[in-house]
Amino acid sequence: MLYQTSATASAGRQGHVATDDQLLSVDLAYPKQMGGSGQATNPEQLFAAGYAACFSNAVLFIASQQKIKLSQAPVTANVGIYNKEDGGFALTVALAAELDLPQEQAVELVKTAHQVCPYSNAVKGNIDVALTVNGVAL
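Before going into details, it helps to say that this report is about the structure given with it.

Some remarks on the overall build of the protein
Summing up its helical and strand segments, the protein has three helices and seven strands in all. Secondary structure of the protein in N-to-C order comes out as β-β-β-α-β-β-α-α-β-β. Dimensions of the protein, computed from C-alpha atoms along their principal axes, come out at roughly 45 × 40 × 25 Å. For the protein, buried positions account for 35% of its 138 residues.

Concerning the state of the cysteines
Inspection of every chain in the model, using the stated rule, returns zero disulfides. Not part of a disulfide, Cys54 finds its nearest cysteine sulfur in Cys117, a span of 3.6 Å. For Cys117, a relative accessible area of 0% translates into the label buried.

Conventions we followed
- Residues numbered from 1 in each chain as written.
- Predicted model: local features only at pLDDT ≥ 70, side-chain atom pairs only at ≥ 80, totals over all residues.
- Heavy atoms only, no water.
- Helix = DSSP H or I, 4+ residues; strand = E, 2+ residues; numbered from the N terminus.
- Buried < 20%, exposed > 50% of the residue type's maximum accessible area, 1.4 Å probe, protein only.
- Disulfide = S-S within 2.5 Å.

Shown next, in the form of structure tokens:
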């Protein structure tokens, strides 16, 4: 194992969550759209932040493996939550990468990054992830 961490939530979406090292320690609240105060972060925001950072790093990793000079790989993760028809809840994810590369090269880089990113591999088969590169849907 390369790395392992843990986080503890005290009271679900209306409580507090902190990592074992206390580097992340935040209050949680339902977003206004779900009837909450919107005065604190929520799990979808935390997931979006983690996925965006991880996917950006996967793009940079693949670029370095392929000897492509790329110093930044901005990725925006849009995460939504919805009611499933059969009960329960599910997530939606859309990743938008903006790469300063020729479009064909950028597309191939993002496709390969999607194969190696730990978040992408974790949700594969469970959440459809929509990808766009430089504003063009894949």
